[in-house]
Amino acid sequence: MKLDLLGDRQRTHFCGDLRQSHAGQTVFLAGWVARRRDLGNLIFLDLRDHTGITQVVCNREVSPEAHDKAEEVRAEYVVGVEGEVVLRAPDTVNAQIPAGEVEVKAKTLLLLNEAKTPPFPIEDEIKTVEETRLRYRYLDLRRGKMQKIIRLRHRASLAVREHMSANGFIEVETPFMTRSTPEGARDFLVPSRIHHGHFYALPQSPQLFKQLLMIAGCDRYFQIVRCFRDEDFRADRQAEFTQIDIEMAFPQRDVLFDVIEQLMEKLFALVDVKVDRPFPRLAYDTAMEKYGSDKPHLGFDLAWKRVNLPDGAGEKLHIMQPLKALRVPGWESASRSQLDKLQDLARANLADWFSYIKVSGNEIHSPLDKIIGGEAVRALANSVEAAAGDLVLLVSLKSSSVTRQALQRLDAASGELRLELARRRELIKPGTWSFLWVVDFPMFEYDEKEKRFGAMHHPFTSPREEDLDKLESDPASLKARAYDLVLNGSEIGGGSIRIHRQDIQKRVFDALSLTPEKARERFGFFLDALESGTPPHGGIALGFDRIIALMAGESSIREVIAFPKTASAVDLMCDAPATVDPEQLEELGLSIKN
């Protein structure tokens, strides 16, 4: 096959842009052949670019040369077409595409490149397994659906930059190669060729650098930045991801919240979603008690309540007091198998004990009747205001297993049950957008394995000012000036007001059992900077990939990243990670241990 050269020809229009008003114009289009239909003297080509599809007609009587070339064309060939835009006959109009009222009568057809038969159809809705799509990601991205997502991401990036700049923030790039500060997830390490035995780390976040920018007087900073964490993958997690990183000096939390809420309003307007402001706020303790999650979905009305059993009932059941109860309106008809599956889910999430109450008219039925008596069961139902036709679920812990960690497990189990009930009862309505600020997180969480406290967010988060006197005496009770932004049950951002005083930072390190020597080894440059007139400051990091996934209606962030990794951290397209030549290892002073 003889291929043509593009020469000095230039596209006059995109395929998806042609309309009735273009009829009579001579145009030059270029793109990929999505489909070919041969009717003898007439050959129809569906020509596709990122804007859509236009039908091209190659008529032997109009242009024998264009028709001859069209006979050689196959799917995904790259072609250029010059011809006249004409109206399609009323009975041939394709209402499924924007350019469906017109077609182009080809005068010239250029064969710019041929293509192998693709491994899957280049169409919006395909059933191809994800591994194949990722192996041939450059083909997957040709699909109209993927093009829309990639371009939505671009428009969102632009909106972020415009909004932050309008609010006085400047974009500053921070280093990708820095030192390892192992607090939290594992670092990706980069060996130094010049300094054998020494390593850079790819940043999990620009946290220290953005705080240094506040010390440097930049006042308001933001960055759309790539970050790296060597941790297990999930649908909402990748080893490399993008976040909108924000920091401001002399912050008031309400001012920062307002900037972020306005940003969300502008981003979701790109997909025609109206965002209601201000966002509600919920204390961490309340979120865990009522919803069993620090990122609760508030788009449906189910809430747990801590309730007490009548005297002596707890001992009979061998469970802790109080237990957690959830009223499920109108589900008294739940079957035994449905309840058994809920019990299995509760126990899989480490709740020790599960039971239920059915309210049928004036009667109440429960497996607990024979153990604690009907009056005690009725009192439980009344404590959550259960009415006729309702189901009440109960979860608890064995009285012998009540520890802080066990109570956290119970809350987590109750959260999973709540979400499962919402799915089964179809309580989450399409088009629900439930934003929420979760505030007043615990400052520390105790690590049973390490026998010490760890930072719940990071060690530079400031305690609440009213809690400072408990830093040494009761660290478990401390609340942090930390906050998360939640949307529809997904955490899309997290931040805090930072520690700006050296004396408080030292006390926090002491609470974390971080010795002065170890603290200086890890953060010496930052601790020195804190002594140079550090202003009060705070900020937030927003998960850009998660936000775009929610805007696009996708359940996995892999669908909104141009070149993602698989769930097992492999780049199938590039075949990475891969081995390297022994000479490269020698240069780095490394050897592989089998």
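Below: a short report on this structure. (Residues numbered from 1 in each chain as written. Predicted model: local features only at pLDDT ≥ 70, side-chain atom pairs only at ≥ 80, totals over all residues. Heavy atoms only, no water.)

**What about a negative patch on the surface?**
Working step 1: On the surface, Asp 581, Glu 583, Glu 586 and Glu 587 cluster together into a patch of negative charge.
Working step 2: Tracing the chain through its elements places Glu 586 in helix H16 (residues 582-588).
Working step 3: Judged by relative accessible area, Glu 586 falls into the exposed class, the value being 62%. (Patch = residues over 30% accessible without salt bridge, like charges linked within 9 Å, V, L, I, M, F, W, Y side chains within 5 Å. Areas by Shrake-Rupley, 256 points an atom, 1.4 Å probe, with all protein chains shown as cover. Salt bridge = Lys/Arg side-chain N within 4 Å of Asp/Glu carboxyl O. Lys, Arg positive; Asp, Glu negative; His and termini not counted. Charge placed at Lys NZ, Arg CZ, Asp CG, Glu CD. Helix = DSSP H or I, 4+ residues; strand = E, 2+ residues; numbered from the N terminus. Buried < 20%, exposed > 50% of the residue type's maximum accessible area, 1.4 Å probe, protein only.)

**Focus on the packing of helix H4 (residues 144-166) against helix H15 (residues 544-552)**
Working step 1: Between H4 and H15, whose axes approach to 10 Å, the crossing angle comes to 125°. In terms of orientation, H4 and H15 fall into the oblique class. Judged by the sense of rotation from one axis to the other, the crossing of H4 with H15 is right-handed. Across the interface between the two elements, Ile 149, Leu 152, Arg 153, Ala 156, Ser 157 and Val 160 from H4 touch Phe 544, Asp 545, Ile 548, Met 551 and Ala 552 from H15.
Working step 2: Partitioning the contact of H4 with H15 into residue classes produces 8 nonpolar, 1 polar and 2 charged. (Axes fitted to C-alpha atoms, helices over the stretch in contact; angles between N-to-C directions. Parallel < 35°, antiparallel > 145°, perpendicular 65-115°, else oblique. Left-handed = near helix turned anticlockwise from the far one by under 90°. Contact = heavy atoms within 4.5 Å. Nonpolar A, V, L, I, M, F, W, Y, C, P; charged D, E, K, R; others polar.)

**Here's the deal with the pairing of strand E19 (residues 452-455)**
Working step 1: Here 4 bridges tie strand E18 (residues 444-447) to E19, and the two strands are oriented antiparallel to one another. Counted as the bridge partner of Asp 447 is Arg 452 from E19.
Working step 2: Taken together, E18 and the strand that follows it, E19, pair antiparallel across an intervening segment of 4 residues, in which Lys 451 is found at a positive phi of about 60°. (Pairing = 2+ DSSP bridges.)

**Considerations on the packing of aromatic side chains**
Working step 1: Applying the stated criterion to the full structure yields 15 aromatic pairs.
Working step 2: With a centroid separation of 4.5 Å and 10° between ring planes, the pair formed by Phe 279 and Phe 435 is classed as stacked. One end of the pair, Phe 279, is in the loop between helix H6 (253-269) and strand E11 (281-283); the other, Phe 435, is in strand E17 (residues 435-439), with 156 residues separating them in the sequence.
Working step 3: Accessibility expressed as a relative area gives 4% for Phe 279, which makes it buried.
Working step 4: An angle of 80° between the planes, with centres 6.4 Å apart, marks the rings of Phe 460 and Phe 509 as edge-to-face. (Phe/Tyr/Trp six-rings, centres within 6.5 Å; stacked < 30°, edge-to-face > 60°.)

**So, the sheet that holds strand E22 (residues 537-543)**
Within a beta sheet, neighbouring strands are joined by backbone hydrogen bonds and run either parallel or antiparallel to one another.
Working step 1: Read across the open sheet, the 8 strands follow the order E6-E9-E10-E22-E21-E20-E17-E11; overall the sheet is mixed. The sheet is open, and its two borders are formed by strand E6 (170-171) and E11, each paired with just one other strand.
Working step 2: In this sheet, strand E20 (residues 482-487) lies alongside E17 in antiparallel orientation, the contact comprising 5 bridges. Note that in E20 the partner of Phe 435 across the bridge is Leu 487.
Working step 3: The strands touched by H6 within the sheet are strand E9 (220-228), strand E10 (240-249), E11, E17, E20, strand E21 (490-497) and E22, with E17 carrying the most contacts at an inclination of about 155°.

**Focus: H6**
Working step 1: For H6, spanning 17 residues, the distance from its first C-alpha to its last is 24 Å, which sits close to the expected 24 Å at 1.5 Å a residue.
Working step 2: All of the buried residues along H6 are Leu 256, Phe 257, Val 259, Ile 260, Glu 261, Leu 263, Met 264, Leu 267 and Phe 268. (Expected span 1.5 Å × (residues − 1).)

**Description of the side chain of Gln 223**
Working step 1: Inspection of the secondary structure puts Gln 223 in strand E9.
Working step 2: Classification of Gln 223 as buried rests on a relative accessible area of 4%.
Working step 3: Looking at Gln 223, its side chain comes within polar contact range of the side chain of Tyr 221, at 2.8 Å.
Working step 4: Setting aside anything within four residues of it in sequence, one finds Gln 223 in contact with Glu 171, Val 172, Glu 173, Thr 174, Pro 206, Gln 243, Ile 244 and Asp 245. (Polar contact = N/O pair within 3.5 Å; in protein donor to acceptor, adjacent residues only side chain to side chain.)

**Description of the pattern of salt bridges**
Working step 1: Applying the stated rule across the entire model yields 44 salt bridges.
Working step 2: In this structure, Arg 9 engages Glu 82 in a salt bridge whose closest nitrogen and oxygen atoms are separated by 3.6 Å. Here Glu 82 lies in strand E4 (residues 78-87) and Arg 9 lies in the segment before strand E1 (26-38), a separation of 73 residues in the sequence.
Working step 3: Note on Arg 9: relative accessible area 31%, which makes it partly exposed.
Working step 4: Between Arg 142 and Glu 76 there is a salt bridge whose closest N-O contact spans 2.7 Å. Here Arg 142, found in the loop between helix H3 (137-140) and H4, pairs with Glu 76, found in the loop between helix H1 (64-72) and E4; they are 66 residues apart in sequence, far enough to count as distant.
Working step 5: Judged by relative accessible area, Glu 76 falls into the buried class, the value being 5%.
Working step 6: Connected through salt bridges with shared partners, the residues Arg 133, Arg 137, Asp 140, Arg 143 and Glu 559 form a single ionic network.

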